[in-house]
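Take a look at the letters that make up each chain.
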Amino acid sequence: MVRLTDGDDDESAADSDSILESQLNRRNYLKLGAMAASTALSAGVASAASGPEERFGIQWDRVVNAVDDLGMDPNGNEPIDSQLDSAYESGTLIEFPPGEYLATETQYWNDDVSRFGMVGTGSSHKDVQFVFPSGNNGEKYRFLEITSGDHHVLKNFSIQQTDDATTTADIWMINDDGGLIEDVEWLGRTPTDNDARRQLLAYDCSSVDGVNVARRVYMREGAELPGYPDGVAGIRVQGGSVGEIRLVDCHIEQRGSSSFRATHTRGVLRVEGGLFKNNDNTNMRISAGDHPEKTSWIKGATVIMDADNLNEHAHDGDSLDSPEGLRIDSTGNGYAGVLIEDCDFIFKSCPTSRGVVSSPTWGGHGGFTLRNCRIQNDTSVQTIHADSVDTDTADKPWGVNLENVSITGSARSQPSGAAVCIDNDRNGSTVQNSCIHFPNGDVDGVLVNDATSCEIVDSNINVSGQATVFSGADVDTSNVTSGDSCPLPSADSSTGGDSSSTDSTTDSTTDSTTDSTTDSTTDSTTDSTTEPLPNEIRLVGSGTTTQYEFTVTDSLQASDGTIEEWDDIESGTATGWITTEGVEDAYTFSGDVDSFSFLEGESEVYVNGEQVSESTVTDATTDSSTDGSTDSTTDSPDLSHELRLVGTGTQTQYEFTVSDALEASGDTIESWDTIDGTSAAGWITTEGVEDVFNFAGSVTSFGFVEGEAEIYVDGEQVTENTVTDAATDSTTDSTDDATDSQNELRLVGTGVETQYEVAVSGTLEASGDTIEEWDDVSESSAAGWVTTEGVEDVYAFTGTITSLSFLQGEAEVYVNGTRVDPAVFSLPNTLVVEGDGSETTYDFMVSGDILNDPLVGPTESADSVTSGKAKGSVTDDVDAFRFSGDITKMNLTGDAALTFEDNDG
């Protein structure tokens, strides 16, 4: 078997053509010996087949059943190789009933066949599975090698690689036009290229005017991750492809190499939608191509990189090596002009990487455009890097265009110093109508090196460093602001193509090559109108990647059309994912909701039309087998309290929870603010602008995740630390007074002459007659002396201690009766872990010092704080810390709420 070269960037179109020619010659030789038997069997097939039919916009001469007509074994015991090879002829559609079909020999097909199809008839593409000998007898097995012809259809089946370290099966399909691979999944773990070829699907178009489509192709069950170049990629378009290959709504995850690659192709690759997640090397690797009329593009795709959270198919020890988000790369061919539009890039955690979006020097690619894209980078890898271009080889234009691009994240540094780096000779580059917001660390906005005729216009660059940095560059700037936040990307698996991956034989092949027709192989009489159960639960996406799990006491079923294949119902338990804002997962059930939790993220939850919180969903129903006249006339909560947050001109993110009910007031809440049951989270920046909420009950928790704002409860200004004491629901006994929120600070002399200073965030006053005339007390601070051993200065205060220092000497410090290390109050940053009733363990490491903050949440004896590390657990309590430097490690196992403030940059 001739193997395609493994070289990274040295394959040329001529290489692919010569390999193809040698393989075609071998195919012709191998088929001569089977010609007579094939002819005889074909005649038998023709007599057993149905007459001409139209499916998928293609007119078939005959439709045959793989089992009844061709005699294939659906139990995976007997090989199907000879029957499959004999049926390969123009105009033939083979239908495979649900089952397993054993393939042991590669099908080498090079007969210029037109209109040939292999289609599973199951309700799911997993109902028909092609299986292969374990370990493939030490060979790198290729299931199908189709190197000529047109209008080949591979649809609604899976390729089972199993989970061993050697079994694999790939497909190479070349069509002049009309090729369709749809609803096909590779199952099982993919080995390294020691036991597999360099990709699972090689897909080429051999006619300049042709278009071949891969729709809803899935590769998501993991792979060996040996690091480049030994991993196996997902889909590859090769140098011999000269037409158009289109990938639509594909989901490729955790590959050992690129999810897809089209860098040598003279034709184009066009990607519509799709989810590409945690693939090593690159998640998307593409060039503009060299087609006479078309250029490559990617539209509506989602890239997620979260290397610390591989999916459930990962094995112990699996880790990504150097994954990129998108690489613009023509491998030295000099192509230019690829378009990336309406895409989301989310980098949560990542090892060493060239960047979220990059075009390396050796890639030899000219200009490219990012339009209407959103990038979130919470890692230290470079966000956008257009490396220097070789003007002798790369086609013009050489510039990089960012149009309406939003870049956000918590990254504290960038390898180039700036979020966007445009390097030498990227002349004519533009940044327009774009937004960059990196508030942490020291990050510049846009760096341009040695490039001419560049522009940065009509853009907001709100970063911790300089907005723009130019070195030997000619750049015009106009209307560049620095005060706004930026739109966040969405981990949108529906926009990203994954939501359309419902297991269905309903044909949706509308594209430039086929008509949209219903697959008549599907029994249209199938009853899908299951009677709904008496109760309904709906989960409505909030734009956050969310995984949920719940159990009911009786029966549970999905509501038609809302549940995707990655959602699962087993007995009375459902687990699933929901991401896109406004999209719903809906179920009907009998009995009660016995348990409910968000394993990740959050969404709105409605039971029988009423919105509930995560903690109250189990109380929202009673068994429908009881009298349905359950009294539901309980009065709605009295939303009589008001919480107002007023911007101070600082980029501020807040979050809070109330005890009973919560809603937005008027039109003060923007699209990036969210309300989930009794919790809200949002942003406020502009000075004087307000976010206003009405609520019932009391504010049970409040925190600024970033920045600060003025807080008013029922018209009275409060602090971050006193807001929870500012209102109680009118139905309760409001006997509390302001003293309930007061704390006590005692400074006890040790016999050393000591001078101290202390400041608090709220109010401070001397307690009793402990303060002498040489001590000075103002509204929120004090300075004094304490010397005699055992003698105390005592203060009552509200809020938190923002600083405490000894200008001379030292004393013992007690807060609310507990002795504390005064050094804690000199640490600028805070970190709080608040339990929700179930045990959560935590493990933190910081680059500076860390101490327990007993005023907010004292630790227990089982918790430990030593040498820049904090480790412990919470259940229904709070552990709090102050620290300096940066958080270098953060592990949290459980459902506790984690908040932290970084106040020292």
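Residues numbered from 1 in each chain as written. Predicted model: local features only at pLDDT ≥ 70, side-chain atom pairs only at ≥ 80, totals over all residues. Heavy atoms only, no water.

Asker: Honestly, the overall build of the chain in this entry has me stumped. Any pointers?
Answerer: Scanning the chain for helices and strands turns up three helices and 75 strands. Of the contacts made within the chain by residues no fewer than 6 positions apart, 78% connect residues no fewer than 24 positions apart. Roughly 35500 Å² of accessible area belongs to the chain as shown, and the carbon and sulfur atoms make up 43% of that amount. (Helix = DSSP H or I, 4+ residues; strand = E, 2+ residues; numbered from the N terminus. Contact = heavy atoms within 4.5 Å. Areas by Shrake-Rupley, 256 points an atom, 1.4 Å probe, with all protein chains shown as cover.)

Asker: Quick question: what am I supposed to make of a negative patch on the surface here?
Answerer: On the surface, a cluster of negative charge is contributed by Asp390, Asp392, Asp425 and Asp450. Classification of Asp390 by relative accessible area gives partly exposed; the value is 36%. (Patch = residues over 30% accessible without salt bridge, like charges linked within 9 Å, V, L, I, M, F, W, Y side chains within 5 Å. Salt bridge = Lys/Arg side-chain N within 4 Å of Asp/Glu carboxyl O. Lys, Arg positive; Asp, Glu negative; His and termini not counted. Charge placed at Lys NZ, Arg CZ, Asp CG, Glu CD. Buried < 20%, exposed > 50% of the residue type's maximum accessible area, 1.4 Å probe, protein only.)

Asker: Looking at this structure, how should I read the pattern of salt bridges?
Answerer: Oppositely charged side chains may form a pair once their charged atoms are brought near each other. With the rule as written, the count across this model stands at 34 salt bridges. The partner of Arg746 in a salt bridge is Glu792, with the nearest N and O atoms 2.6 Å apart. Highlighted residues: Arg746 in strand β59 (residues 743-749) and Glu792 in strand β64 (residues 792-797), separated in sequence by 46 residues. Connected through salt bridges with shared partners, the residues Lys155, Glu182, Asp183, Arg215 and Arg216 form a single ionic network.

Asker: Explain the nonpolar core here, please?
Answerer: Side chains of nonpolar character tend, in soluble globular proteins, to be buried together. One finds Met118 and Phe143 to be the most contacted residues of the largest nonpolar core, which totals 101 residues. Aside from chain neighbours lying at most four places away, what touches Phe143 is Leu84, Ala103, Glu105, Thr106, Gln107, Met118, Phe130, Phe132, Ile159, Ala169, Asp170 and Ile171. Grouped together as the second largest cluster of nonpolar side chains are 20 residues, Leu745, Ile771, Val815 and Val820 included. (Core = buried A, V, L, I, M, F, W, Y, C linked by side-chain atoms within 4.5 Å.)

Asker: I tried to follow the sheet that holds β64 on my own but got confused; where do I start?
Answerer: The pairing of strands in a sheet happens through backbone hydrogen bonds and is either parallel or antiparallel. Taken in spatial order, the five strands line up as β61-β64-β59-β66-β67 in an open sheet, and their pairing is antiparallel. The sheet is open, and its two borders are formed by β61 (764-766) and β67 (818-820), each paired with just one other strand. Between one strand axis and the next, the sheet turns by 30° as a mean value, whatever way the strands run. Pairing of strand β66 (residues 811-815) with β67, which is carried by three bridges, proceeds in the antiparallel orientation. Following the sheet pairing, Tyr814 is matched in β67 by Arg819. (Pairing = 2+ DSSP bridges. Axes fitted to C-alpha atoms, helices over the stretch in contact; angles between N-to-C directions.)

Asker: Help me understand the environment of Val63, please; the structure alone is not making it clear to me.
Answerer: With respect to the helices, strands and loops of the structure, Val63 is situated in strand β3 (residues 62-65). Residue classification places Val63 among the buried residues on the basis of a relative accessible area of 7%. C-alpha of Val63 to C-alpha of Glu95: the two residues are 32 residues apart in sequence and 7.2 Å apart in space.

Asker: For this particular structure, what's the right way to read the packing of aromatic side chains?
Answerer: Think of a pair of aromatic rings as described by two things: how far the centres are apart, and how the planes are tilted against each other in angle. All told, the structure shown has 25 aromatic pairs when counted by the stated rule. With a centroid separation of 6.3 Å and 80° between ring planes, the pair formed by Tyr548 and Tyr587 is classed as edge-to-face. Of the two residues, Tyr548 is situated in strand β42 (residues 546-552) and Tyr587 in strand β46 (residues 584-589); the sequence distance between them amounts to 39 residues. Assigned by exposure class, Tyr548 and Tyr587 land together as buried. Ring pairs connect the aromatic residues Phe96, Tyr101, Phe130, Phe132, Tyr141, Phe143 and Phe157, which therefore count as one cluster. In this structure, Arg538 packs its charged tip against the face of Tyr606, placed 4.8 Å from the ring centre. (Phe/Tyr/Trp six-rings, centres within 6.5 Å; stacked < 30°, edge-to-face > 60°. Lys NZ or Arg CZ within 6 Å of the ring centre and 35° of its normal.)

Asker: Could you clarify how one ought to interpret the sheet that holds strand β63 (residues 781-786) in this entry?
Answerer: With antiparallel pairing, four strands are arranged side by side in an open sheet as β62-β63-β60-β65. The outermost strands of the open sheet, each flanked by one partner alone, are β62 (776-777) and β65 (801-808). Sheet analysis places β62 next to β63, joined by two bridges and oriented antiparallel. Bridging from a neighbouring strand, Val777 pairs with Ala782 of β63.

Asker: Can you help me understand the confidence of the model for the chain in this one?
Answerer: Reading predicted coordinates in detail is not appropriate for stretches of low pLDDT. Averaged over the chain, the pLDDT score is 83; the fraction of residues at 70 or greater is 85%. Low pLDDT (under 50) marks residues 1-44, which in the prediction has 71 contacts with non-local residues, meaning those over four places away or in another chain. Confidence drops under a pLDDT of 50 for residues 492-529, and excluding neighbours within four residues, the segment shows 96 contacts in the predicted structure. (pLDDT = per-residue confidence, 0-100.)

Asker: I would appreciate a short explanation of the pairing of strand β36 (residues 435-438) in the present structure.
Answerer: A regular strand places its side chains on the two faces of the sheet in alternate fashion. Side chains Cys435 and His437 project from β36 onto one buried face, and the interleaved Ile436 and Phe438 project onto a second face that is buried too. Both strand β33 (residues 406-408) and β36 contribute to a ladder of three bridges, which runs parallel. Within β36, the position partnered with Ile407 by the bridge is Ile436. One ladder, built from four bridges, connects β36 with strand β38 (residues 454-463); its direction is parallel. Looking at β38, one finds that Phe438 is bridged to Val463.

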